[in-house]
Amino acid sequence: SYQRASMELEEQYAGQWKRAAGHTNSTVTLHNSTGTSGTIQSSKGWYDAGDYGRYIVNSGITTYTLLSLYEHFPEYFNTLKWNIPAEGTLPDLLAEIKYNLDWMLTMQAADGGVYHKLSTLQFPGDVMPAKDTEQLYVIGKGTAAAFDFAAVMATAYRVYKPFDATYATKCLEAAKKAYAWGVQNPDVAFNNPMDVATGSYSDGKLDDEKGFAGMELFISTGEAYYKPTLNANEASIVPAWPEVYGLAVYGAASHPTETGDEAATAKKIR
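Keep in mind the model is a prediction, meaning the values are calculated, not measured.

This brings us to the pattern of salt bridges. Any two side chains of opposite charge can pair, given that their charged atoms come close. Tallying each qualifying case throughout the model produces 13 salt bridges. For the salt bridge of K98 with E87, the shortest nitrogen-to-oxygen distance reads 3.3 Å. Taken together, the residues span a long stretch of sequence, with K98 in helix α4 (residues 92–106) and E87 in the loop between α3 (74–79) and α4 at a distance of 11 residues. For K98, a relative accessible area of 12% gives the class buried. Residue classification places E87 among the partly exposed residues on the basis of a relative accessible area of 29%. Among the ionic pairs, K176 bridges to E173, the shortest N-O distance being 3.8 Å. One end of the pair is K176 and the other is E173, both in helix α6 (residues 165–184) and three residues apart, which spans about a single turn.

To continue, consider α6. Spanning 20 residues, α6 covers 29 Å between terminal C-alpha atoms, matching the ideal 28 Å at 1.5 Å per step. All of the buried residues along α6 are Y167, A168, C171, L172, A174, A175, A178, Y179, W181 and G182. In this structure, the buried side of α6 is in contact with α4, β5 (137–141), α5 (143–160) and α7 (207–221).

Our focus in this paragraph is the side chain of S59. Looking at the secondary structure, you find S59 in helix α2 (residues 56–72). There is a polar contact of 3.1 Å between the side chain of S59 and the side chain of N100.

All right, on to the pairing of strand β1 (residues 27–30) then. In the sheet, β1 pairs with strand β2 (residues 39–41) via three bridges, with the strands oriented antiparallel. Following the sheet pairing, V28 is matched in β2 by I40. Sheet analysis places β1 next to β5, joined by two bridges and oriented parallel. Each residue of the ladder has a partner; that of T29, found in β5, is Y137.

Turning to α4, a few remarks are in order. In this model α4 runs 22 Å from its N-terminal to its C-terminal C-alpha over 15 residues, within 8% of the 21 Å that 1.5 Å per residue would give. The sharpest bend along α4 measures roughly 25° and falls at K98. Most of α4 is tucked away: 14 of the 15 residues are buried.

Viewed as axis vectors pointing N to C, α5 and α6 meet at an angle of 155°, and their least axial separation amounts to 7 Å. Taken together, the axis directions place α5 and α6 in an arrangement best described as roughly antiparallel. Like other packed secondary-structure pairs, α5 and α6 cross with a definite hand, here left-handed. Here the contact of α5 with α6 is composed, by residue class, of 20 nonpolar, three polar and no charged.

What follows concerns the sheet that holds strand β3 (residues 54–55). Across the sheet, which stays open at both edges, the five strands sit in the order β2-β1-β5-β4-β3 with mixed pairing between neighbours. The open sheet terminates on both sides in strands that have one partner only, identified here as β2 and β3. By the bridge criterion, two bridges tie β3 to strand β4 (residues 115–119) in an arrangement that is antiparallel. Of the residues in β4, the one forming a bridge with R54 is L118.

Here we take up the nonpolar core. Within the largest apolar cluster, 55 residues are counted, with the highest numbers of intra-cluster contacts made by L101, F149 and Y160. Listed by contribution, the elements that provide at least two residues to this core are β1, α2, α4, β4, α5, α6 and α7. For this core, the element with the highest residue contribution is α5, accounting for 13 residues. Apart from residues no more than four positions distant in its own chain, L101 is found in contact with T63, V152, M153, A156, Y160 and Y167. Counting residues in hydrophobic clusters, the runner-up holds seven residues, among them I219, L230, Y245 and A252.

What follows is about the environment of F163. Structurally, F163 can be placed in the loop between α5 and α6. Counting along the chain gives 69 residues from F163 to L94, while the straight-line C-alpha distance between them is 9.9 Å.

Contact pair α4 / α6: the axes reach a minimum separation of 11 Å and the direction vectors enclose 45°. Looking at the two axes, α4 sits oblique to α6. Like other packed secondary-structure pairs, α4 and α6 cross with a definite hand, here left-handed. Contacts from K98, L101, D102 and L105 in α4 reach Y167, K170, C171 and A174 in α6.

Reading the values: rules and limits
Residues numbered from 1 in each chain as written. Predicted model: local features only at pLDDT ≥ 70, side-chain atom pairs only at ≥ 80, totals over all residues. Heavy atoms only, no water. Salt bridge = Lys/Arg side-chain N within 4 Å of Asp/Glu carboxyl O. Helix = DSSP H or I, 4+ residues; strand = E, 2+ residues; numbered from the N terminus. Buried < 20%, exposed > 50% of the residue type's maximum accessible area, 1.4 Å probe, protein only. Expected span 1.5 Å × (residues − 1). Contact = heavy atoms within 4.5 Å. Polar contact = N/O pair within 3.5 Å; in protein donor to acceptor, adjacent residues only side chain to side chain. Pairing = 2+ DSSP bridges. Bend = angle between axes of the 7 residues up to and from the residue. Axes fitted to C-alpha atoms, helices over the stretch in contact; angles between N-to-C directions. Parallel < 35°, antiparallel > 145°, perpendicular 65-115°, else oblique. Left-handed = near helix turned anticlockwise from the far one by under 90°. Nonpolar A, V, L, I, M, F, W, Y, C, P; charged D, E, K, R; others polar. Core = buried A, V, L, I, M, F, W, Y, C linked by side-chain atoms within 4.5 Å.

In structure tokens form, the structure reads like this:
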């Protein structure tokens, strides 16, 4: 929770790491790289590792890993208490994940595409969040962002359905729209525009993100349209933000009832 944007870290939760809120203005300018203009409302989310940018591709593997952790060990996390602000009656892990999911949902355009990142044009330097007052932009769109978003939202549907069916359905519909956009736009590789120097997180290989998204949507919906054909040559690659094929394999292996692939895929991840 120390990475939370748009909120104060109160001493009762953060102790010596307490700080003022940063990036509280939810009105964010659409950079011309998005293909449109104007503003959107976007807040919450987690700051990146070393700066105050918020990036969809990083959120892909990070948020999915935490969702998967809950999905496979719900009894443990239903009772685990952290010292974080409550979110209704959600278990603490799901409350923390939802803080980033809520931000991610703001990053989807009306056509289903997903903006790549939300940041200033340049890194702010070593200042506290409240001191970074440069204008915030939503920057770019891309296939990787769309498919990473789709995978996370499809997983969130399963995890949040017992707690908030309306929210879960919202996540699933967002996942389907993002996947559809990705299928229609399979080669949109993001690169920083000329006037932007924050984290690029560029990725030119995009079939792994499609496989990741398709597997999670198949597990959640049972619709054969989404089910990817797994490539044995890539199954052993350790997942990282630009290479998520292993997450598709892991999804299949850890959901044998839904996928019917337990024997074949479990072998690939041993």
